[in-house]
Amino acid sequence: MPVPKLIELPKRPARSFVGREIELASLATVMANGSGVVAQSQAVHGLGGVGKSELALQYAFRYHANYSIVWWVTADSPLSIEAGLADLAHRLHPDSESIATSQESARWALGWLQAHSDWLLVLDNVEHRADVEPLLGQVADGHILITTRRDVGWEEITDGCLRVEVLAPSAAVELLLNLSSQKDERTAAVLAGELGCLPLALQQAGAYLRQTRTTLGSYLQDLRRDPAQTLSSVAADNGAERAVARVWSVTLTHIANLAPTAVAVLNVLSWLAPDELPRNVIRDTAVDGSEIDRALGLLASYNMITLTEKTVAVHRLVQAIIRNAAITNGTATEIQTIAISLLRSSMSKVQASEANTQQQGNALLPHISALVENLPADHTFKAMLWLQSDAAAFRKRQGDARTAVIEFEKVVGNFKRVLGVDHPDTLRTRHRLAHAYESAGRVDEALAEHEQVLADYRRVLGEDHPETLTARHGIGRAYQVGGRTDEALAALKQLLVDRKRVLGDDHPDTLVTRHNIARSHRAAGRFDVAIEEFNELLDDYRRVFSHDHPTTFKIRSNIAEAHRAAGRKDIALQERQSILTDQIRILGDDHPDTLATRHGIAHGLDDIGRVDEAVTEHERVLASCERVLGEDHPDTLNARHCVAHAYERSGRIGEAIVKHEHVLADRIRLLGKDHPSTAKARRCVAHAYEAANRSKAVSQAESRQPKD
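Everything in this summary refers to the structure shown in the same document. (Residues numbered from 1 in each chain as written. Predicted model: local features only at pLDDT ≥ 70, side-chain atom pairs only at ≥ 80, totals over all residues. Heavy atoms only, no water.)

### Some remarks on the overall build of the protein chain
Heads up, the rule is: Counting from the N terminus, the helices are the DSSP runs of H or I reaching at least four residues and the strands are the DSSP runs of E reaching at least two. Burial classes follow relative accessibility: with a 1.4 Å probe on protein chains only, a residue under 20% of its type's maximum area counts as buried, one over 50% as exposed, and anything between as partly exposed. Contact definition: two residues touch when any of their heavy atoms are within 4.5 Å. The Shrake-Rupley method, run with a 1.4 Å probe, gives the accessible areas here. Residue values count only the displayed protein chains as cover. Note that His is not counted, nor are the chain ends; the positive residues are Lys and Arg, and the negative ones are Asp and Glu. The atoms used to mark charge sites are NZ of Lys, CZ of Arg, CG of Asp and CD of Glu.
When helices and strands are counted, the protein chain shows 33 helices and nine strands. C-alpha atoms of the protein chain, sized along the principal axes, occupy 110 × 85 × 50 Å. Per-residue burial over the protein chain gives 49% buried out of 708 residues. Within the protein chain, contacts between residues at least 6 apart in sequence are counted, and of these 66% link residues at least 24 apart. Here the protein chain displays about 32,100 Å² of accessible surface, and carbon together with sulfur accounts for 50% of that area. Taking the average location of the 81 positive side-chain charges in the protein chain and that of its 93 negative ones, the two points are 5 Å from each other.

Put into structure tokens, the structure is as follows:
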């Protein structure tokens, strides 16, 4: 192995180098292939501060014995590259410094590289690909290692491209403890998480802690109180330019000069969660979508964001520094307004869509929560309050009633603070809170809230205001949920009279009231009355809307259920099969309403004794619900509950117990141990065990019978 004749590195590699062995091995493999045939070049790119230069330094030092020359060039501009090559010429040929210009010396160094092969040239912090392409095109042997913040198609001109990510949490904790000479692993883990496992931030924090003799906990408090100042503070022996805040400010200046829109987009992203944001949220602006795409592409090329076809993510420290800058320069309110508008627009689409939008809605929730946390506690953004209310309503719809209640209670308090107790928006959100209480099984609280909201609507808006009538409808529904069928029916009948008078016979709210009256008759056991009213309502829905309107299908499903409850199970099954054909044609196989009808068909098969077919259909419905709606959706839990019962009826008691216990665990986790649905699931588990014990006792008794 040749002994290096010349080695020029900016410093010795760090002794605390953890969590990068895989990257270093990958780099070594790529750099080793084809040595002496073509110039091997490897681009290492990533966010500023992620450790690209340190990785290159570690490689150069660890493998320097393989080269006669190892030369490091700061390559952030063509002039810097020229100066670095000129310095190489001066080291190889000292007289050149006095007899040649910098340009001539650089050309001489290039000639030397062309004539030799056992050398390593590190081009650190390349800003533009075009700055190094001529050099790569002029050398046929040797190795070139490029580090850059830019992700701009290096694969096209190099033999390999390695993206350097932040450290794994365990490696980040190890590095932080090593550098700070402290042993508090628990606090180190929290601090490493807050620093986003970014190597430069960890090194900066570790050196500062070691020098100042302060604790990890104190640094964590400072970081949370004033992230920008903390990330600008370095130990006395470290250059200020190595502070995280300084590294990124240089990058942001470059980006601002190239595309101001990119900085505007990054400003908005910095108020949201660092987790993946649906890309269509950012594209939903007044600015041309293609301009947003170009801005995102530029940010991704500098590794300031992680960009895919569908999502955008930002490092949490980048966000903290940019948020602080916006607060300092007085632009925070404007940026916050844009962020609120974008999220509210996206959530409104989720709320309004008939299709399943669970994935999109769930993707928005962490960003809404982050925006709430990043706004001042005393903010007065009305749009933000409605965004929180819509998010809570989405949680309720997805079955997370406990969280929905907590969120609604918070936002009601904020509506009262910002708009006053009698503002219509405050009353609307209190109405939503009452419904959330119902979903959470807190029926008495729901009814009390409904009654108080109705009293306030009557006082503020008047007896015949549409929202007052809606509040009366809420009370009728609360009676239904609480099993007070006669009171529900009386309240809904009186409401129907007033809605016809105020809104007209064909108004959607009037039709909804008739729908709930028919359901109340069915709940009270008056099946023929319910069917008659459902049929009359069905005719009116077909006349006012269409034969294929989603609500028309729901009325037909209610008719089928009334027939089933009345014992006419063949008719109920036939009706559901007819509905399914129409729903698949109009809504598709995976629409939640289609899945609900398939669920009813499975019950219908069981009703008429086709048990094996029922089990198969229940299993198919469950698989579809898990795929389309998610593991925790209320319809999924109900489908799992029905599979368990189907297993019981078919004699598969052991499998039934497993499913019932799964449902019970989910109910406790999502609804709490005291929710009525949880109590029902607990009873089902007990019943399944009783059935298993009976089956076991019968088997044992049979085994004791004398054989012929």
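Past the structure itself, the notes keep going.
### Points about the environment of Thr-513
To be explicit about the condition: A 3.5 Å cut-off defines polar contacts: any pair of N or O atoms within that distance qualifies, except that in protein one atom must be a possible hydrogen donor and the other a possible acceptor, and neighbouring residues in sequence count only when both atoms are side-chain atoms.
Structurally, Thr-513 can be placed in helix H25 (residues 508-523). The exposure class assigned to Thr-513 is buried, which follows from its relative accessible area of 0%. Separated by 170 residues in the primary sequence, Thr-513 and Arg-683 place their C-alpha atoms 34 Å from one another. Apart from residues lying up to four places away in sequence, Thr-513 is in contact with His-473, Leu-492, Leu-495, Leu-496 and Arg-499. In terms of polar contacts, Thr-513 uses its side chain to reach the side chain of Arg-499, at 2.7 Å.

### Focus: the packing of aromatic side chains
Rules: Only Phe, Tyr and Trp rings take part, Trp by its six-membered ring, and two of them pair if their centres are within 6.5 Å. Stacked means planes under 30 degrees apart, edge-to-face means over 60, and tilted covers everything else.
If you walk through the whole model with that rule in mind, you get four aromatic pairs. Each ring, one from Trp-386 and one from Phe-415, has its centre 5.5 Å from the other, and the planes form 70 degrees; the classification is edge-to-face. In this pair, Trp-386 is assigned in helix H19 (residues 382-397) and Phe-415 in helix H20 (residues 401-419), connecting sequence segments 29 residues apart. Pair check on accessibility: Trp-386 and Phe-415 agree, each one buried.

### Side note on the pattern of salt bridges
Formally: Every case where a carboxyl oxygen of Asp or Glu lies within 4 Å of a side-chain nitrogen of Lys or Arg is listed as a salt bridge.
Summed over all chains, the structure comprises 49 salt bridges. Across the salt bridge formed by Glu-631 and Arg-640, the nearest N and O atoms sit 2.9 Å from each other. In this structure Glu-631 comes out as partly exposed when scored by relative accessible area, which is 43%. In this structure, the salt-bridge partner of Asp-632 is Arg-669, at a minimum N-O distance of 2.7 Å. With Asp-632 in the loop between helix H30 (611-628) and helix H31 (634-649) and Arg-669 in helix H32 (residues 653-671), the pair connects residues that are 37 residues apart, well separated along the chain. Residue Arg-669 is classed as partly exposed on the basis of its relative accessible area of 42%. Counted as one network, the salt bridges with shared partners bring together Arg-458, Glu-463, Asp-464, Arg-472, Asp-498 and Arg-501.

### Concerning H19
Our working definition: Residue count minus one, scaled by 1.5 Å, sets the expected span of a helix.
Given a rise of 1.5 Å per residue, 16 residues ought to cover 22 Å, and the 23 Å separating the end C-alpha atoms of H19 matches this to within 8%. Across the 16 residues of H19, 12 count as buried, placing the element largely inside the fold. What H19 keeps buried is the set Met-384, Leu-385, Trp-386, Leu-387, Gln-388, Ser-389, Asp-390, Ala-391, Ala-392, Ala-393, Phe-394 and Arg-395. Close packing links the buried residues of H19 with helix H17 (332-352), helix H18 (358-374), H20 and helix H21 (424-439). Where H19 ends, the next residue or the one after it, Gly-399, has phi of about 100 degrees, a positive value.

### Some words on the sheet that holds strand S9 (residues 311-314)
Stated precisely, the cut-off is as follows: At least two bridges found by DSSP between two strands are what make those strands a pair. The axes used here are C-alpha line fits, helices contributing only the stretch in contact, and every angle between their N-to-C directions lies in the interval 0 to 180 degrees.
Ordered by their spatial adjacency, three strands build an open sheet running S7-S9-S8, and the pairing between neighbours is antiparallel. The open sheet has two free edges, formed respectively by strand S7 (277-278) and strand S8 (305-307), since each of these has just one partner strand. Relative to S9, S8 is paired through three bridges, and the arrangement is antiparallel. What sits directly across from Leu-307, in S9, is Val-312. Contacts from helix H15 (residues 289-301) reach S8 and S9 within the one sheet, and its direction differs from that of S8 by about 120 degrees.

### Topic: the packing of helix H27 (residues 550-565) against helix H28 (residues 569-586)
For clarity, the threshold we go by: Throughout, the term roughly parallel applies to angles under 35 degrees, roughly antiparallel to angles over 145, roughly perpendicular to angles from 65 to 115, and oblique to all others. By convention the crossing between two helices is left-handed if the near helix lies anticlockwise of the far one by an angle smaller than a right angle, and right-handed if it lies clockwise. Polar here means any residue outside two lists: the nonpolar Ala, Val, Leu, Ile, Met, Phe, Trp, Tyr, Cys and Pro, and the charged Asp, Glu, Lys and Arg; Gly therefore counts as polar.
As a packed pair, H27 and H28 sit with axes 8 Å apart at the nearest point and diverge in direction by 165 degrees. Classified by the angle their axes make, H27 and H28 are roughly antiparallel. Once H27 is placed against H28, the crossing between them reads as left-handed. Every residue of H28 that contacts H27 at Phe-553, Arg-556, Ser-557, Ala-560, Glu-561, His-563 and Arg-564 is listed here: Lys-569, Ile-571, Ala-572, Glu-575, Arg-576, Ser-578, Ile-579, Asp-582, Gln-583 and Ile-586. In terms of residue class, the contact of H27 with H28 is made up of six nonpolar, four polar and seven charged.

### Structural notes on unusual backbone geometry
Of note in the backbone geometry, Asn-125 takes a positive phi value of approximately 65 degrees without being a glycine. Here Asn-125 lies in strand S4 (residues 119-126). The class of Asn-125 is partly exposed, set by a relative accessible area of 24%. Even without being a glycine, Cys-197 presents a positive backbone phi close to 55 degrees. Inspection of the secondary structure assignment puts Cys-197 in the loop between helix H8 (185-194) and helix H9 (199-212).

### Structural notes on the environment of Thr-212
Counting through the fold element by element, Thr-212 comes out in helix H9. A C-alpha to C-alpha distance of 38 Å links Thr-212 and Leu-121, two positions 91 residues apart in sequence.

### Description of the pairing of S9
Put simply, side chains in a regular strand alternate between the two faces of the sheet. Burial along S9 is two-sided: Thr-311 and Ala-313 and Val-312 and Val-314, pointing in opposite directions, are all buried. One ladder, built from two bridges, connects S7 with S9; its direction is antiparallel. In the sheet register, Leu-277 faces S9, and the bridge partner there is Val-312. If you look at the hairpin formed by S8 and S9, you'll find three residues sitting between the two strands.

### Some points on the packing of helix H7 (residues 169-180) against H9
Packing of H7 against H9 brings their axes to within 7 Å, and their N-to-C directions diverge by 30 degrees. On the basis of the axis angle, H7 is roughly parallel to H9. Note on packing geometry: the crossing formed by H7 with H9 is right-handed. For the pair formed by H7 and H9, the contact residues are Ala-172, Leu-175, Leu-176, Leu-179 and Ser-180 on the first element and Leu-202, Gln-203, Ala-205, Gly-206, Leu-209 and Arg-210 on the second. Across the contact of H7 with H9, the residue classes tally to seven nonpolar, three polar and one charged.

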